[in-house]
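# Close look at the chain arrangement
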Amino acid sequence: MKTGPLYGIIANSKTRMRCVFCGVYIPKANKCIEEHTNGTKHKENIDQMAENGMIYNNEELYCKPCNVNLTEEESVASHIESDDHANWMAAVDNLIEGEFINVDSYLASESEDVYCEVCNCNINCSLQNIETHVNDILHRSNVAEKLKPLNGIFRVENDDELWCKLCDEYIENTAKSVLEHIDDSPEHVEWFIDIEDLIDGQEVSIQDFLKDEHEKNAFCNKCQVEIVCNARSIEDHVHSEAHLNQFS
Ligand SMILES: [Zn+2]
Ligand SMILES: [Zn+2]
Ligand SMILES: [Zn+2]
Ligand SMILES: [Zn+2]
Ligand SMILES: [Zn+2]
């Protein structure tokens with residue numbers, strides 16, 4: 001991104017300049033301009049643009065999600081707080097939550113598309129297109145495939161069923177039942193809440209346990225030891241003297 005001294009700063013009258021990003025006026029003097037463009041607020045606004053799909057073009061700020069040019073009364077901050085913009089951002093967050101869809105490059109204006117990591121495809125960015133994509137049966141089954149090894153769900157000999165290691169329970173081998181199990185089965189959900197709560201900030205990894213059907217242990221990277229992967233022994237371990245006194 002271009003960020004020269006006059007990036008975002010335009011002439012407003014003979015004696016003052018306007019910062020398009022911050023929506024403020026600055027005396028037309030190099031020192032004042034420099035001070036402004038080195039300021040925290042100005043830099044924050046530039047960062048915010050890249051997180052909100054806003055582009056500086058022809059001395060104007062354009063918001064891609066809202067498809068509007070900002071007026072002289074607006075600034076990056078005031079636009080981000082506007083209902084239209086905030087609603088769009090909330091709607092997109094809501095649509096992509098847990099869907100492995102990445103909107104960062106769209107918002108940073110590096111692309112017009114969002115990227116679906118599980119389908120390995122680009123989607124032209126609109127709420128409608130994203131909604132259609134996340135409801136697509138192929139996408140749903142790719143999400144289910146992606147989630148199995150993160151959730152201790154394994155194939156069994158009989159192709160009609162899958163086995164959840166965490167719940168020791170058989171589930172139907174369909175994307176729908178996998179996703180329902182992961183999201184809604186109380187036992188499954190609670191297992192994650194309990195364990196994640198215990199290992200939070202403790203350098204204990206459960207990835208291998210989840211990925212490998214035969215692995216019985218979690219691993220403490222701090223102590224370099226295996227721990228039987230259940231809430232009780234993880235709790236004992238993270239509270240043990242050995243763990244607490246270990247320097248990582
Ligand atoms: Zn500024
Ligand atoms: Zn907007
Ligand atoms: Zn997809
Ligand atoms: Zn389960
Ligand atoms: Zn440890």
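Each chain has its residues counted from 1, running along the sequence as written. Here every chain gets a letter starting at A, and every ligand a number starting at 1, in the order they are written. Per-residue local features are limited, in this predicted model, to residues with pLDDT of at least 70; the limit for side-chain atom pairs, both in listing and counting, is 80 or more; totals at the level of whole chains, interfaces and linings are taken over all residues. Water and hydrogen atoms were dropped before computing side-chain values, which therefore reflect all heavy atoms in the structure.

What follows deals with the coordination of the zinc ion (ligand 3). Coordinating donors are taken as N, O and S atoms within 2.8 Å of the metal, stretched to 3.2 Å for Na, K and Ca; because water is absent from the atoms, sites can appear incomplete. Only Cys116 (SG), Cys119 (SG), His133 (NE2) and His139 (ND1) from the protein reach the zinc ion (ligand 3) as donors, at distances of 2.0 to 2.2 Å. In this structure, the zinc ion (ligand 3) is coordinated by four donor atoms arranged in tetrahedral fashion, with angles at the metal of 100 to 114 degrees. All donor residues of the zinc ion (ligand 3) come from one chain, and their arrangement in sequence is C-x2-C-x13-H-x5-H. Pair noted here: Cys116 is in strand 8 (residues 113-116) and His139 is in helix 7 (residues 137-147), with a separation of 23 residues, a long-range link. In this structure Cys116 comes out as buried when scored by relative accessible area, which is 0%. Here the metal geometry follows the donor angles, with tetrahedral for four donors whose angles all fall between 85 and 135 degrees, square planar for four and octahedral for six when opposite donors are more than 155 degrees apart and every other angle is between 65 and 115, and irregular for all the rest. Here a strand is any run of E in DSSP of at least two residues, a helix any run of H or I of at least four, and the numbering for each starts at the N terminus. Partly exposed describes any residue whose relative accessible area lies between the buried limit of under 20% and the exposed limit of over 50%, with all areas from a 1.4 Å probe on protein chains only and scaled to the type maximum.

Turning to the sheet that holds strand 5 (residues 60-63), a few remarks are in order. Spatial strand order, 4-5-6: three strands in an open sheet with antiparallel pairing. Each edge of the open sheet is held by one strand with a lone partner, namely strand 4 (54-57) and strand 6 (68-69). Any two strands between which DSSP finds at least two bridges are classified as paired. With two bridges connecting them, strand 5 and strand 6 associate as antiparallel partners. From the neighbouring strand, Cys63 faces strand 6, where its bridge partner is Val68.

A few words now on the sheet that holds strand 15 (residues 225-228). Overall, antiparallel pairing links the three strands, which are arranged 13-14-15 in an open sheet. The sheet is open, and its two borders are formed by strand 13 (204-205) and strand 15, each paired with just one other strand. Relative to strand 14 (residues 217-220), strand 13 runs antiparallel, the two being bridged by two bridges. From the neighbouring strand, Val204 faces strand 14, where its bridge partner is Cys220. Packed onto the sheet, helix 11 (residues 231-238) meets strand 13, strand 14 and strand 15 and runs at close to 140 degrees relative to strand 15. Contact definition: two residues touch when any of their heavy atoms are within 4.5 Å. Simply put, an axis is a line fit to the C-alpha atoms, just over the touching stretch for a helix, and the angle between two N-to-C directions goes from 0 to 180 degrees.

To continue, consider the UniProt feature "domain: U1-type" (unreviewed entry) in the protein chain. UniProt feature "domain: U1-type" (unreviewed entry): in the numbering of this structure it lies at residues 14-49, 58-92 and 111-146. Strand forms 22% of residues 14-49 and helix 50%; the C-alpha atoms that close the span are 28 Å apart. The span residues 111-146 shows a helical share of 53% and a strand share of 22%, and its end C-alpha atoms are spaced 25 Å apart. UniProt positions are given in the numbering used here, feature names are shortened, and annotations may be inferred rather than shown by experiment.

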